[in-house]
Amino acid sequence: MDGSKTPSVAPVLILLGPPGAGKGTQARMLEDSFGLVQLSTGDLLRAAVAAGTPAGKEAKAVMEAGELVSDEIVIDILRDRLAEPDTANGVILDGFPRTTVQAQALDALLAETGQKIDAAISLEVEDAEMVTRISGRYTCGSCGEGYHDTFKQPATAGTCDSCGSTQFKRRADDNAETVASRLKAYHANTAPLIAFYDQQGALARVNAMGDIDKIASDLGALVKTAVA
Ligand code: ADP
Ligand code: ADP
Ligand code: ZN
């Protein structure tokens, strides 16, 4: 730190929730409504794997097994991403933090620039719903817009609503075996963060069962208050 930076007060929001809860879907909607930037450590890790970086090479097998990538790698990736200028107007963290060590590292990182978390929002969903959501998930190969075989199909079949691309992809880890390990990792390592943020007075809960637009509207109302 050179000490000369003006502390920034840009909003920092966290979306907490098990795999498939709708974090990515809702984060993209919040980007549009609030001008915030979505930071998904899952997306950043998949990009590192695709690029074949040393971190990506280490993360690949761990992600395929549905386990958590080491705190060290994930914190490094997030720190680098937060240093990029497009995050200056505020961020929505999607899939980070996932452990208490990551949550503490985030607090320390934000403190360096005089920032803190505005809200940690827990998307509350039943475990059985996760399997349905994850097994039907696919995304646009070009812009990353998320879709679902049953719950969110493009308006024109086979064409992305956001960018018009006709290329879609499915994640290698979105299969029944991996989902079980991912849910286990969520309950063991990430669910305790709900109490962690409750103690900080930063926790909010949203019922994330049901219609995507209804959840977006509940979440939007909450975010409006949190960043006011
Ligand atoms: P996460 O980022 O939490 O893993 P996603 O946003 O990728 O979850 O959502 C998982 C899948 O479920 C996607 O296919 C998405 O289109 C779908 N989905 C998201 N929210 C809902 C919802 N409220 N109801 C039904 N399906 C949903
Ligand atoms: P989902 O929300 O469906 O679980 P993500 O895209 O957030 O999917 O994460 C995919 C995988 O990337 C996780 O199963 C895990 O292996 C790894 N990962 C993502 N974020 C983290 C994190 N904060 N800490 C550890 N591993 C992570
Ligand atoms: Zn697209």
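Structural notes, computed from the coordinates.

Section: the site of ligand 2
Here comes step 1: For ligand 2, the set of nearby residues contains 20 residues, the closest of which are Thr41, Glu67, Arg98, Arg137 and Arg182.
Here comes step 2: The separation between a nitrogen atom of ligand 2 and a polar side-chain atom of Gln102 is 2.9 Å.
Here comes step 3: Between an oxygen atom of ligand 2 and a side-chain N or O atom of Arg137, the distance comes to 2.8 Å.
Here comes step 4: Within the complex, 97% of the 550 Å² of free accessible area of ligand 2 lies under protein.
Here comes step 5: Per element, the largest residue contribution to the shell around ligand 2 is four residues, and it comes from helix H2 (residues 41-51).
Here comes step 6: Looking at the shell around ligand 2 residue by residue, the class counts come to seven nonpolar, five polar and eight charged.

A look at the site of ligand 1
Here comes step 1: Close contacts around ligand 1 come from 16 residues, with Gly20, Thr25, Arg137, Tyr147 and Gly210 the closest.
Here comes step 2: Arg137 has a polar side-chain atom sitting 2.7 Å from an oxygen atom of ligand 1.
Here comes step 3: For ligand 1, the accessible surface in isolation is 560 Å², of which the surrounding protein chains cover 92%.
Here comes step 4: Counting residues per element, the ones that place at least two in the shell around ligand 1 are helix H1 (23-34), strand S6 (146-148) and helix H9 (212-227).
Here comes step 5: The element contributing the most residues to the shell around ligand 1 is H1, with three residues.
Here comes step 6: Looking at the shell around ligand 1, its residues break down into seven nonpolar, six polar and three charged.

Overview of the environment of Ala202
Here comes step 1: Note that Ala202 resides in the loop between helix H8 (192-199) and strand S8 (203-207).
Here comes step 2: When near neighbours in sequence (up to four residues on either side) are disregarded, Ala202 contacts Ile117, Ala119, Ala120 and Tyr197.

Quick look at unusual backbone geometry
Here comes step 1: Across the junction of Phe96 and Pro97, the peptide omega takes the value -5 degrees, indicating a cis bond.
Here comes step 2: With respect to the helices and strands, Pro97 occurs in the loop between strand S3 (91-94) and helix H5 (100-111).

What to know about the side chain of Glu145
Here comes step 1: Relative to the helices and strands, Glu145 is located in the loop between strand S5 (137-140) and S6.
Here comes step 2: Judged by relative accessible area, which is 15%, Glu145 ranks as buried.
Here comes step 3: In this structure the side chain of Glu145 is engaged in a polar contact, spanning 2.7 Å, whose partner is the side chain of Lys152.
Here comes step 4: Reaching out from Glu145, the side chain makes a polar contact with the side chain of Ser162 at a distance of 3.2 Å.

Looking at the coordination of the zinc ion (ligand 3)
Here comes step 1: Protein ligation of the zinc ion (ligand 3) involves Cys140 (SG), Cys143 (SG), Cys160 (SG) and Cys163 (SG), the donor distances falling in the range 2.3 to 2.4 Å.
Here comes step 2: In this structure, the zinc ion (ligand 3) is coordinated by four donor atoms arranged in tetrahedral fashion, with angles at the metal of 102 to 116 degrees.
Here comes step 3: Donor residues for the zinc ion (ligand 3), ordered by position in the chain, follow C-x2-C-x16-C-x2-C. Of this pair, Cys140 sits in strand S5 while Cys160 sits in the loop between S6 and strand S7 (168-169), placing them 20 residues apart in sequence. Like Cys140, the residue Cys160 is buried in the burial classification.

Conventions and cut-offs
- Residues numbered from 1 in each chain as written.
- Chains lettered and ligands numbered in written order.
- Predicted model: local features only at pLDDT ≥ 70, side-chain atom pairs only at ≥ 80, totals over all residues.
- Heavy atoms only, no water.
- Near = heavy atom within 4 Å.
- Polar contact = N/O pair within 3.5 Å; in protein donor to acceptor, adjacent residues only side chain to side chain.
- Areas by Shrake-Rupley, 256 points an atom, 1.4 Å probe, with all protein chains shown as cover.
- Helix = DSSP H or I, 4+ residues; strand = E, 2+ residues; numbered from the N terminus.
- Nonpolar A, V, L, I, M, F, W, Y, C, P; charged D, E, K, R; others polar.
- Contact = heavy atoms within 4.5 Å.
- Buried < 20%, exposed > 50% of the residue type's maximum accessible area, 1.4 Å probe, protein only.
- Donors = N, O, S within 2.8 Å, 3.2 Å for Na, K, Ca; no water.
- Tetrahedral: all angles 85-135°; square planar, octahedral: opposite > 155°, others 65-115°.

Note that all results are geometric; they support no functional claim without further evidence.
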